[in-house]
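# Architecture and fold: a report
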Amino acid sequence: MGRAGFDIVRSTNNRGGVDDFIPFEATMRAARAAGLSVGDYIDEVMNGTPGATRSTIDELRALGVFAADPETVLEIGPGSGRYLEKTLKECSPGRYEIYETAAPWADYLVDTFGVVARPTAEFSLAPTPDGSIDLVQAHKVFNTLTFLGASRYFFEMARVTRPGGRIVFDVMTETCLDPATMRAWATQGGAGHDSYPAAMPRTACVDLFATLGCSLEAGFLAPMGVASTEVLVFGKGA
Ligand SMILES: C[S@@+](CC[C@H](N)C(=O)[O-])C[C@H]1O[C@@H](n2cnc3c(N)ncnc32)[C@H](O)[C@@H]1O
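My aim in this report is to walk through the structure given alongside it, one point at a time. All figures in this text were calculated on a predicted structure; none of them were measured in a lab.

## A word on the packing of helix α1 (residues 24–34) against helix α2 (residues 38–46)
Close contact between α1 and α2 brings their axes to 9 Å; oriented N to C, the two are set at 85°. Put simply, α1 runs roughly perpendicular to α2. Of the residues in α2, those in contact with Thr27, Met28, Ala30, Ala31 and Ala34 of α1 are Val38, Tyr41 and Met46. Its residues placed into classes, the contact of α1 with α2 shows seven nonpolar, one polar and no charged.

## Focus: the sheet that holds strand β4 (residues 133–138)
Strand order across the open sheet formed by seven strands is β3-β2-β1-β4-β5-β7-β6, with mixed pairing between neighbours. Every interior strand has two partners, whereas the edge strands, β3 (116–117) and β6 (214–224), have only one. Sheet topology places strand β5 (residues 161–171) next to strand β7 (residues 227–236); six bridges connect them, and they run antiparallel. Note that in β7 the partner of Ile167 across the bridge is Phe234. With respect to the sheet, helix α4 (residues 82–90) is in contact with β1 (72–76), β2 (95–99) and β4, its orientation differing from that of β2 by roughly 170°.

## Topic: the site of the ligand
As a matter of local geometry, the ligand sits amid 22 residues, with Gly77, Arg82, Glu100, His139 and Tyr153 nearest to it. A distance of 2.8 Å is found between a nitrogen atom of the ligand and a backbone nitrogen or oxygen belonging to His139. Here a nitrogen atom of the ligand sits 2.6 Å away from a polar atom, N or O, in the side chain of Tyr153. Calculation on the ligand without its partners gives an accessible area of 590 Å², and the protein chains cover 93% of this total.

Parameters and conventions
All residue numbers here refer to positions counted from 1 along the written sequence of the relevant chain. Given that this is a predicted model, residues contribute local features only at a pLDDT of at least 70 and side-chain atom pairs are listed and counted only at 80 or more, while totals for whole chains, interfaces and linings are drawn from all residues. Note that the side-chain values use all heavy atoms of the structure and ignore hydrogens as well as water. Structural elements are reduced to axes, namely lines fitted to C-alpha atoms, with helices fitted over the stretch in contact, and the angle between N-to-C directions of any two is expressed from 0 to 180 degrees. What counts as a helix is a DSSP run of H or I of at least four residues, what counts as a strand is a run of E of at least two, and both are numbered from the N terminus. We call two directions roughly parallel when the angle between them is under 35 degrees, roughly antiparallel when it is over 145, roughly perpendicular when it lies between 65 and 115, and oblique otherwise. Note on definitions: a residue-residue contact is assigned when non-hydrogen atoms from the two residues lie within 4.5 Å. Polarity classes work like this: nonpolar for Ala, Val, Leu, Ile, Met, Phe, Trp, Tyr, Cys and Pro, charged for Asp, Glu, Lys and Arg, and polar for all others, with Gly in that last group. Whether two strands pair depends on DSSP finding at least two bridges between them. Here a residue is considered near a molecule or strand provided that any single heavy atom belonging to it is located within 4 Å of it. In protein, a polar contact means a hydrogen-donor-capable atom and an acceptor-capable atom, both N or O and within 3.5 Å, with residues adjacent in sequence counting only if both atoms are side-chain atoms; elsewhere, any N or O pair within 3.5 Å suffices. Here, Shrake-Rupley sampling with a 1.4 Å probe gives the accessible areas, and only protein chains in the shown set may cover a residue.

Below, the structure is given as structure tokens:
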């Protein structure tokens, strides 16, 4: 194939399985053409939610998440790295691990930010030892995974967080699903793969993490698609 002028590459398109992400080359090209960073291009142009990443990071800063000066950070599904890049402007961890199924994006993040890509295996963080991470985060991931995938990752997130560490992720809870919003999703939302947007009950999350030694410290809304998700911040008991 190579001699015939073709390369075999892994397909990444936003209509494929949930372990694919938006196409790498085309997105980078479009961001460059728009004169924007890839993160700002996704916020402003692709998602129509300018400043969305910035506002979540600002909220996390106000809650003291970065003041703890995390030495180890782990992010599930960083994609383009729009949260990763801004996180690295807020703190200087010695080690930043990612679990990302879209290979071209994972490679780009390793090359650009010096993060460590861990092998993904379904919804496991097995390569990361227990109690080794100060800040575990995932943004806009659990509204694309199935209930079981998200739940399996929740157990893993609690396991790898060190006592005194924080866990941050967003989910589309009942707080984000009043009748008018459900109508908006039903009539306008959902382009992409079938599991988007997936909902997750807030109480189930909070109660589960409580049994894993992690208590809810804060929650706030962040824009997503036609509506929002709820960002939950947990602290693991020391
Ligand atoms: C909707 S995107 C969000 C990307 C990024 N966090 C953001 O907000 O721009 C979901 C991300 O999760 C990744 N992903 C899907 N399944 C995954 C899995 N099982 N483990 C880790 N990452 C996964 C996708 O490749 C994609 O990068």
